[in-house]
Amino acid sequence: MHREQGRRSAWFRLAFAVLVAAVAVLSPKFAFTDLPEHTVISNAGSTTSSDGDQYSAGATVKLASTGAYQLMNVTLNSGKTVAARWNPCQTAITYEVNLSGLPKKKRAAMLKTIKASFTRLHAATGMTYRYTGTTTFVPTQENLAQQPAEIVVAAVARSLTDFPMTSRSLGYGGVLWSSWYGSQGEGAAVMRGYVVLEANAIQKLKTGFGKGLRQSNVILHELGHASGLEHVSSRKEQMYPTLTSASPSGYAAGDLAGLAKLGKKAGCITVPSTLSLHDLS
Ligand SMILES: [Zn+2]
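Reading the values: rules and limits
- All residue numbers refer to position in the chain's written sequence, counted from 1.
- Where totals are concerned, whole chains, interfaces and linings use all residues; where local detail is concerned, this predicted model gives features only for residues with pLDDT of at least 70, and gives and counts side-chain atom pairs only at 80 or more.
- Secondary structure counts use DSSP, requiring at least four H or I residues in a row for a helix and at least two E residues in a row for a strand, with both numbered from the N terminus.
- Three classes are used. A residue is buried when 20 or more other C-beta atoms lie within 10 Å of its own, exposed when 12 or fewer do, and partly exposed in between, with C-beta atoms placed from the backbone.
- Here contacts are defined at the residue level, using C-beta atoms placed from the backbone and a cut-off of 7 Å between them.
- Under the definition applied here, buried Ala, Val, Leu, Ile, Met, Phe, Trp, Tyr and Cys residues are grouped into a nonpolar core through C-beta atoms within 7 Å.
- Per residue, pLDDT captures the predictor's confidence, and it can take any value from 0 to 100.
- To obtain an axis, a line is fitted to C-alpha atoms, over the contacting stretch when the element is a helix, and the angle between two such axes runs from 0 to 180 degrees between their N-to-C directions.
- Throughout, the term roughly parallel applies to angles under 35 degrees, roughly antiparallel to angles over 145, roughly perpendicular to angles from 65 to 115, and oblique to all others.
- Here a crossing is taken to be left-handed if its near helix is turned anticlockwise relative to the far helix by less than a right angle, and right-handed if that turn runs clockwise.
- Three classes are used: nonpolar for Ala, Val, Leu, Ile, Met, Phe, Trp, Tyr, Cys and Pro, charged for Asp, Glu, Lys and Arg, and polar for all others, with Gly counted as polar.
- Being paired, for any two strands, means DSSP has found at least two bridges between them.
- For the handedness criterion, the strands are oriented away from the viewer, and a crossover whose path from the first strand over the helix to the second runs clockwise is classed as right-handed.
- In this context, the arc is that of the directions from the helix axis out to the C-beta atoms.

**Focus on the overall build of the protein**
When you go through the protein residue by residue, the secondary structure sums to four helices and twelve strands. Within the protein, buried positions represent 48% of all 281 residues. Nonlocal contacts in the protein, meaning residues at least 24 apart in sequence, comprise 66% of its contacts between residues at least 6 apart.

Below is the structure:
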């Protein structure tokens, strides 16, 4: 996300990642876009698993306006469109945190805020998130499949990642999903989520939860992207692309409605047993 001059002090950015399940000679390919363009993310290929199913990342992602929230959509092989979301019936979504870009004295408070943000995300989605420790991993466009946990939150200098962050950026978040079709039917599921926080910028924001220019609101916004939420045009929502002094305290009504659509109430996704994480690398 970007920081702008004047009143609009920060932009959030969203990244989409498209995964190509890799064959030996084919590296995963990713495509990213920033809002607000309605972007088609083209897929880069597919591979054949041992049981003959086709695993494809070739779906199209575009914005779907639904009012106060927007979901990332994936177009399946048949042309049907579904929301890009985590399988809410997996035991837990693991996450690790990289705070190496922050002064040591500020790391404990940031970790506490991140954990509390996941607690809020849990309340909104009904899904379980499990903290599995710190990491030195920094998400980039190429390494998401190798993340040490399903979600990585990294507060680092933006120069360490290749996401298109600028001097006005506060954060960048998104998902990596995979789609499939074949004998087990078709579907799509988010496999990884990532949040990069611009360490120098975010530590200048207020701590704690509340309205306005706060670290917590940036984290919640980016976790929204890591859950499948897009930006909205309403300033009343945390998914508005700019952090302002009028940003709501945590998730607002539209954000919560969107997260509910992505969470437990949306039902389980049956991910093919043959689609394993190593297919993503
Ligand atoms: Zn954003």
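Moving on from the model shown.
**What about the nonpolar core?**
The nonpolar side chains of soluble globular proteins are, as a tendency, buried together. Core analysis: the largest hydrophobic core is formed by 59 residues, its most contacted members being Tyr95, Ile151, Val153, Ala155, Trp177, Val196 and Leu197. Of all the elements, strand 11 (residues 187-198) adds the most residues to this core, at eight residues.

**Thoughts on the confidence of the model for the protein**
The predicted model of the protein averages 76 in pLDDT, with 73% of residues at 70 or higher. Per-residue pLDDT stays below 50 along residues 1-67; that stretch engages in 185 contacts with residues further than four places along the chain or on separate chains.

**Details of the environment of Thr242**
Residue placement: Thr242 occurs in strand 12 (residues 242-243). Judged by C-beta crowding, with 20 C-beta atoms within 10 Å, Thr242 ranks as buried. Spatially, the C-alpha atoms of Thr242 and Val218 are 9.5 Å apart, while their sequence positions differ by 24 residues.

**Regarding the packing of helix 1 (residues 104-125) against helix 3 (residues 215-225)**
Angle between the axes and distance between the axes are the two parameters that describe a pair of packed helices. Taken N-terminus to C-terminus, the directions of helix 1 and helix 3 make an angle of 50°; their axes are 10 Å apart at the nearest point. Regarding the angle of helix 1 to helix 3, the classification is oblique. Crossing handedness for the pair helix 1 and helix 3: right-handed. Contacts between helix 1 and helix 3 pair Thr113, Ile114, Ser117, Arg120 and Leu121 from the former with Gln215, Ser216, Ile219, Leu220 and Leu223 from the latter. In terms of residue class, the contact of helix 1 with helix 3 is made up of five nonpolar, four polar and one charged.

**Some thoughts on the pairing of strand 8 (residues 129-134)**
Looking at chain direction, strand 7 (residues 93-98) and strand 8 are connected through four bridges and run parallel. Paired with Tyr95 across the strands is Tyr131, a residue of strand 8. Handedness of the crossover joining strand 7 and strand 8 through helix 1 is recorded here as right-handed.

**Thoughts on helix 3**
Of all eleven residues that make up helix 3, eleven are buried, and the element is covered over most of its length. Among the residues of helix 3, Gln215, Ser216, Asn217, Val218, Ile219, Leu220, His221, Glu222, Leu223, Gly224 and His225 are the ones counted as buried.

**Quick look at helix 4 (residues 253-262)**
Within the sequence span of helix 4, burial applies to Gly254, Asp255, Gly258, Leu259 and Leu262. For helix 4, the buried positions fall inside an angular range of 135° around the axis, keeping them on one side. Where helix 4 is buried, its residues touch strand 5 (70-75), strand 6 (81-83), helix 1 and helix 3.

**Brief notes about the environment of Ser234**
Checked against the element boundaries, Ser234 lands in the loop between helix 3 and strand 12. On the basis of neighbour count, Ser234 is assigned to the partly exposed category, with 16 C-beta atoms found within 10 Å. C-alpha of Ser234 to C-alpha of Tyr69: the two residues are 165 residues apart in sequence and 8.9 Å apart in space. For Ser234, the contacting residues outside a window of four places in its chain are Ala68, Tyr240 and Gly254.

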